Amino acid sequence: MYSGTGRAIFDWIRYASGHFRFSILMDCANSENVKITRQFCEKEGVRLHLSMPAPLPGCPDSGISSLAAHLTLHSYDVIEAISWASAATNLSLLASRPVGTTLVFTPLSQPLWTIGDEARYFMVSASFAQMLQESEAVFVLSLAETRLPEFREVDPAKVCLTPLGVDGERFRYDGRNRAGQVCCVCDCREARKRVDLLLAAFETAARIEPRLFLTLAGRNSDRLSLPSSLDGRVVRRGFVSAAEITEVYQTSSVMALFSDYESFGLPIAEALACGAQVLLNRHPVTEELFAGLPGVHWTTNTDTPASADALVRCAFDHADHSMIASRAIERFGWSVTYGRKLQVIRRLIGAVQARETGAVS
């Protein structure tokens, strides 16, 4: 819940809370996740149910031991399962799902190699495929997800393209001066984010342009070791609050993300909505999602000289930051993305109610 996934869950609940009464059921294996979720639930009036974990062999997640009992005690119209890698939780849900309950699935799927030591997690693909088959709707962030092998037998009619949404009230252009300011917002503990390659490119760029500065924000960014040549040129913020993330974007000319893989990349959309340009490692998923938007630039993360040149160019060019922000919200604003998801779920609920009414009459 500390990552873009957590923000996406919270944003979806905020957007749709006027239409549904939400509850969150999660395990308590990670105390930090519990703390973040409890704070959100107390603020937004959402019921939080905690469970002891129930790990299973071959599954990367902790599982939820009380899931079956919980679903017996509580009546839900819709259950949304989130994450393709939550194999233990998904298997338990499939085994205990009440008859007549609508199941929707937001897998946030990506290749298994993006999980460290992936050979251990042999149950992910099997549980993922079963969830895809048994869900009434599957919400994918990009069409690239549907090209994964597990989608081969899935009815395309129940697959809904719903990119993650950005709150245009919070993430917006505020007119501040940005020249020379670069930022990167990510969980620096994840090797696939390739912060090492970004730092190598920035070190080269800083030799070219002495007015260049970098802000790193996100988990473990405050613990990264830096070469002495970057003393005074890099600020390491560590984990930052929602308000602080917005401030980082609004004071940056460019947000650089050199990940080997992103299933979506919420910081990309958020930075654009604040008027910052983005410099991204070229990859089919991110190209599909962000190509054509003003302010989006591409590099190859292993080409350090080219990436350094791109950083300097983006940090000092005269971009139309207002246009960058408005076009990003046109594509990723809540009313567009989560509005589409809301319509699908309401339609599913309506179909169930119509069948029940017909059965009674």
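Before going into details, it helps to say that this report is about the structure given with it. Note that the structure is predicted; figures quoted are calculated from it, not measured. Residue numbers here run from 1 along each chain, matching the order of that chain's written sequence. The model is predicted, so local features are restricted to residues of pLDDT at least 70 and side-chain atom pairs to those at 80 or more, both for listing and for counting; the totals for chains, interfaces and linings are taken over all residues. The side-chain values count all of the structure's non-hydrogen atoms but skip hydrogen atoms and water molecules.

Brief notes about empty space enclosed by the protein
Definition in use: The pocket and cavity definitions rest on a 1 Å grid over protein atoms only: a 1.4 Å probe that fits but cannot leave marks a cavity, an open set with protein on both sides within 12 Å along at least five of seven lines marks a pocket, and residues lining either have an atom within 4 Å of a point. Grid points are joined across faces, edges and corners, and a volume is the space filled by probe spheres set on the points. What counts as a helix is a DSSP run of H or I of at least four residues, what counts as a strand is a run of E of at least two, and both are numbered from the N terminus. When residue character is reported, Ala, Val, Leu, Ile, Met, Phe, Trp, Tyr, Cys and Pro are called nonpolar, Asp, Glu, Lys and Arg charged, and the others, Gly included, polar.
One pass over the full model with this rule turns up 2 cavities of 30 Å³ or more. Counted as a void, the largest cavity has a volume near 120 Å³. Secondary-structure elements contributing two or more residues to the lining of the largest cavity are α1 (4–16), β3 (78–82) and α12 (334–360). With 4 residues, the top contributor of residues to the lining of the largest cavity is α1. Residues belonging to the lining of the largest cavity are distributed by class as follows: 9 nonpolar, 3 polar and 2 charged. Taken as a whole, the second largest cavity spans an internal volume of roughly 60 Å³.

Topic: the sheet that holds strand β10 (residues 254–257)
This is how the line gets drawn: Any two strands between which DSSP finds at least two bridges are classified as paired. Axis lines are fitted to C-alpha atoms, over the contacting stretch for helices. Their N-to-C directions set the angle, which ranges from 0 to 180 degrees. Residue contacts follow a heavy-atom distance rule, with two residues in contact if any of their heavy atoms lie within 4.5 Å.
Read across the sheet, 6 strands follow the order β9-β8-β7-β10-β11-β12 without closing on themselves; strand pairing throughout is parallel. Of all strands in the sheet, those bounded by a partner on one side alone are β9 (234–236) and β12 (296–299). Direction aside, the axes of adjacent strands within the sheet are offset by 25 degrees on average. As defined by bridge partners, strand β11 (residues 277–281) adjoins β12 across 4 bridges and the pair is classed as parallel. Its bridge partner lying in β12, Leu-280 is registered against Trp-298. Docked against the sheet, helix α10 (residues 304–316) engages β7 (181–185), β10, β11 and β12, running at close to 170 degrees with respect to β11.

Observations concerning the packing of aromatic side chains
For the record, the criterion: Geometry of aromatic contacts follows a simple scheme: Phe, Tyr and Trp rings, the Trp one being its six-membered ring, pair when their centres are within 6.5 Å, and the pair is stacked under 30 degrees between planes, edge-to-face over 60, tilted otherwise. Burial classification: accessible surface area is computed with a 1.4 Å probe over protein chains only, and a residue below 20% of its type maximum counts as buried, one above 50% as exposed, and the rest as partly exposed. Comment: the charge-over-ring label is applied if NZ (Lys) or CZ (Arg) is within 6 Å of the ring centre and within 35 degrees of the ring normal.
Summed over all chains, the structure comprises 14 aromatic pairs. With a centroid separation of 5.7 Å and an interplanar angle of 55 degrees, the aromatic rings of Phe-264 and Phe-290 are classed as tilted. Of this pair, Phe-264 sits in the loop between β10 and α8 (266–273) while Phe-290 is found in helix α9 (residues 284–290), placing the two residues 26 residues apart along the sequence. Each member of the pair, Phe-264 as well as Phe-290, is classed as buried. Positioned above the aromatic ring of Phe-239, the side-chain terminus of Arg-219 is 3.9 Å from the ring centre.

Quick notes on the sheet that holds strand β6 (residues 159–161)
Spatially, β3-β4-β5-β6 is the arrangement adopted by the 4 strands of the open sheet, whose pairing is parallel. The open sheet terminates on both sides in strands that have one partner only, identified here as β3 and β6. Put simply, the sheet's adjacent strands are angled 25 degrees from each other on average, direction ignored. Bridging between β3 and strand β4 (residues 102–106) involves 5 bridges; their strand directions are parallel. Across the sheet, residue Val-78 finds its bridge partner in β4, namely Thr-102. Across the sheet, helix α5 (residues 124–134) touches β3, β4 and β5 (137–140), and the angle it forms with β4 is around 130 degrees.

Some words on the layout of surface pockets
As a volume, the second largest pocket reaches approximately 190 Å³. Lining the second largest pocket we find 15 residues, and of these Tyr-76, Asp-77, Gly-100, Thr-101 and Glu-356 sit closest to its centre. Sort the elements by how many residues they give to the lining of the second largest pocket and α12 lands first, with 4 residues. Taken together, the residues of the lining of the second largest pocket sort by class into 7 nonpolar, 6 polar and 2 charged.

Observations concerning unusual backbone geometry
A positive phi angle is found at Ser-83, which is not glycine, with a value near 100 degrees. Relative to the elements of secondary structure, Ser-83 occurs in the loop between β3 and α4 (87–96). The phi dihedral of Asp-117 is positive, around 55 degrees, even though this residue is not glycine. Within the secondary structure layout, Asp-117 lies in the loop between β4 and α5.

Focus: the environment of Thr-302
Mapped onto the fold, Thr-302 is located in the loop between β12 and α10. Overall, the relative accessible area of 58% leaves Thr-302 in the exposed class. In this structure the C-alpha to C-alpha distance between Thr-302 and Ile-13, which are 289 residues apart in sequence, comes to 38 Å.

A word on the pattern of salt bridges
So the rule is basically this: Salt bridges are defined by distance alone: a side-chain nitrogen of Lys or Arg within 4 Å of a carboxyl oxygen of Asp or Glu.
Throughout the structure, instances matching the rule amount to 19 salt bridges. The salt bridge partner of Arg-14 is Asp-11, with a shortest N-O separation of 3.0 Å. Of this pair, Arg-14 and Asp-11 are both found in helix α1, 3 residues apart, which corresponds to roughly one turn of the helix. On the basis of relative accessible area, Arg-14 is assigned to the partly exposed category, the value being 30%. Lys-341 is paired through a salt bridge with Glu-80; the nearest N and O atoms lie 2.6 Å apart. In this pair, Lys-341 sits in helix α12 while Glu-80 sits in strand β3, placing the two residues 261 residues apart along the sequence. Assessed through its relative accessible area of 6%, Lys-341 is described here as buried.

Observations concerning helix α11 (residues 321–332)
What sets the pattern is the α-helix's 3.6 residues per turn: residues three or four places apart point alike. What counts here: Residue count minus one, scaled by 1.5 Å, sets the expected span of a helix. Throughout, the arc means the angular range of directions from the helix axis out to the C-beta atoms.
Taking 1.5 Å per residue as the helical rise, α11 with its 12 residues ought to reach 16 Å, and the 16 Å between its terminal C-alpha atoms agrees with that figure. For α11, the full list of buried residues reads His-321, Ile-324, Ala-325, Ala-328 and Phe-332. Buried residues of α11 fall within an arc of 95 degrees about the axis and therefore sit on the same side.

Examining the pairing of β10
Successive residues of a regular strand alternate their side chains across the two faces of the sheet. Going residue by residue along β10, you find Val-254 and Ala-256 tucked away on one face and Met-255 and Leu-257 tucked away on the opposite face as well. Taken together, the 2 bridges between β7 and β10 define a ladder with parallel strand orientation. In the sheet register, Val-182 faces β10, and the bridge partner there is Val-254. In this sheet, β11 lies alongside β10 in parallel orientation, the contact comprising 4 bridges. Opposite Met-255, over in β11, you have Val-278 as the bridge partner.

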